[in-house]
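Coordinate inspection notes
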Amino acid sequence: MSDPAAPVLAIDGPSGSGKGTISRAVAGQLGWHYLDSGALYRGVGVAAGWNDIDLADPAALVRCTFDTRIAFRDLPGGEPRVLINDVDATDELRTETAGAAASAIAAIPEVRSALKDRQRAFRQQPGLVADGRDMGTVIFPDARWKVFLTASAEERADRRYKQLIGKGVSVTLAGLLREILARDARDANRPVAPLRPADDAVRIDTTGVGIDEVVARVLAVVRG
Ligand SMILES: Nc1ncnc2c1ncn2[C@@H]1O[C@H](COP(=O)(O)OP(=O)(O)OP(=O)(O)O)[C@@H](O)[C@H]1O
Ligand SMILES: Nc1ccn([C@H]2C[C@H](O)[C@@H](COP(=O)(O)O)O2)c(=O)n1
């Protein structure tokens, strides 16, 4: 059960704009809950892969959404772990393949509806920082604060490149830029809940702005 009186800070933006990094840090500083809504779509994508479900079969993907349990486990000082049907799938979830599958699945309206209540259940006292594509527009339209993070596609690809190379994953900058542009286009052009800033969102362009400074700017939005 959600608590509609709990304040919400919605942080939306395209892939690599820093939503997850900034949202986790801000939630930590405020002592609030954190919702990584993309992990739910990624979780369905990963579960679909485990069950050999075709990404072109919407009915099977909707069934898979209802059948998949996704849980978050906080680790002190580390990235939260994500369990899919009780299996720790955190590393698989963060791959570009899982991101692309999630983006495709997220265009199916019934999948989005099936995940609505699960997302809203995170709204609990003392407050929630929610990160995604439609937090401020669809899931929490009454959020007290809305932030839309952006950065140039080149910088986002560069961030992802450094992140993946740091993990020992073999990728090219040009390939990542292509994937980011394709994901932006798919997320922004779908008919249901497309990626777009809410009319009342504060837009922050993070190109060339360090993580600590972005965190400070978001906290300044909340603290007025
Ligand atoms: N302002 C910033 N400056 C430099 N690097 C950043 C900044 N914000 C985030 N990063 C780095 O960029 C990478 C991607 O960040 P993050 O995963 O938070 O983005 P995201 O918007 O949540 O992406 P996705 O939607 O694909 O999950 C991480 O390695 C993170 O440390
Ligand atoms: N609120 C959300 C969150 C995510 N998605 C889709 C679109 C993304 O490309 C994909 C993966 O999200 P990420 O983990 O990269 O934030 O999931 C969405 O449609 N709505």
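For the structure, see preceding data.
Since we're looking at a predicted model, the values are computed, not measured. (Residues numbered from 1 in each chain as written. Chains lettered and ligands numbered in written order. Predicted model: local features only at pLDDT ≥ 70, side-chain atom pairs only at ≥ 80, totals over all residues. Heavy atoms only, no water.)

This next bit is on the sheet that holds strand 8 (residues 202–205). The strand order 2-6-1-7-8 describes an open sheet built from five strands, whose pairing is parallel. Pairing within the sheet leaves two strands with one partner each, and these edge strands are strand 2 (33–36) and strand 8. Looking at each pair of strands side by side, their axes are set apart by 20° on average, direction ignored. In this sheet, strand 6 (residues 128–132) lies alongside strand 2 in parallel orientation, the contact comprising four bridges. (Pairing = 2+ DSSP bridges. Helix = DSSP H or I, 4+ residues; strand = E, 2+ residues; numbered from the N terminus. Axes fitted to C-alpha atoms, helices over the stretch in contact; angles between N-to-C directions.)

Moving on: the sheet that holds strand 5 (residues 87–88). Strands pair in a sheet through their backbones, by hydrogen bonds, and they do so in one of two ways: parallel or antiparallel. One open sheet accounts for three strands, arranged 3-4-5; its pairing is antiparallel. Here the strands that pair on one side only, and so sit at the sheet edges, are strand 3 (70–73) and strand 5. Against the sheet, helix 2 (residues 37–50) contacts strand 3, strand 4 (81–84) and strand 5, and its axis sits at roughly 125° relative to strand 3. (Contact = heavy atoms within 4.5 Å.)

In the vicinity of ligand 1 lie 19 residues, with Ser15, Lys19, Thr21, Arg160 and Val209 positioned nearest. Taking Lys19, its side chain carries an N or O atom lying 2.7 Å from an oxygen atom of ligand 1. In this structure, an oxygen atom belonging to ligand 1 sits 3.5 Å away from a side-chain N or O atom of Gln163. Look at ligand 1: alone it shows 640 Å² of surface, and the protein chains cover 82% of it. Those elements that place two or more of their residues in the shell around ligand 1 are helix 1 (19–30), helix 8 (153–166) and helix 10 (211–223). For the shell around ligand 1, the class distribution of residues is four nonpolar, eight polar and seven charged. (Near = heavy atom within 4 Å. Polar contact = N/O pair within 3.5 Å; in protein donor to acceptor, adjacent residues only side chain to side chain. Areas by Shrake-Rupley, 256 points an atom, 1.4 Å probe, with all protein chains shown as cover. Nonpolar A, V, L, I, M, F, W, Y, C, P; charged D, E, K, R; others polar.)

The omega torsion across Gln125 and Pro126 is 5°, close enough to zero to call that bond cis. The residue Pro126 is located in the loop between helix 6 (109–120) and strand 6 in this model. The backbone of Asp86 shows a phi angle near 75°, a positive value even though the residue is not glycine. Checked against the element boundaries, Asp86 lands in the loop between strand 4 and strand 5. Classification of Asp86 by relative accessible area gives exposed; the value is 59%. Phi is positive for Ala193, which is not a glycine, with a value near 45°. By secondary structure assignment, the location of Ala193 is in the loop between helix 9 (173–189) and strand 8. (Buried < 20%, exposed > 50% of the residue type's maximum accessible area, 1.4 Å probe, protein only.)

The next subject is the pattern of salt bridges. Oppositely charged side chains can pair when the atoms bearing their charge come close. A full pass over the atoms with the stated rule returns 13 salt bridges. Across the pair Arg69 and Asp86 runs a salt bridge, and its minimum N-O distance is 2.8 Å. Of this pair, Arg69 sits in the loop between helix 3 (58–67) and strand 3 while Asp86 is found in the loop between strand 4 and strand 5, placing the two residues 17 residues apart along the sequence. Its relative accessible area of 48% is what places Arg69 among the partly exposed residues. In this structure, Asp88 and Arg81 form a salt bridge, with 2.9 Å as the shortest nitrogen-oxygen distance. When salt bridges with common partners are traced through the structure, they connect Arg133, Asp187 and Arg190 into a single cluster. (Salt bridge = Lys/Arg side-chain N within 4 Å of Asp/Glu carboxyl O.)

Within the structure, ligand 2 sits among 16 residues, and Arg42, Arg112, Arg133, Arg183 and Asp187 are positioned closest to it. Here a nitrogen atom of ligand 2 sits 2.8 Å away from a polar atom, N or O, in the side chain of Asp134. Measuring from an oxygen atom of ligand 2, one finds a side-chain N or O atom of Asp187 at 2.7 Å. In isolation ligand 2 has 450 Å² of accessible area, and contact with the protein removes 97% of it.

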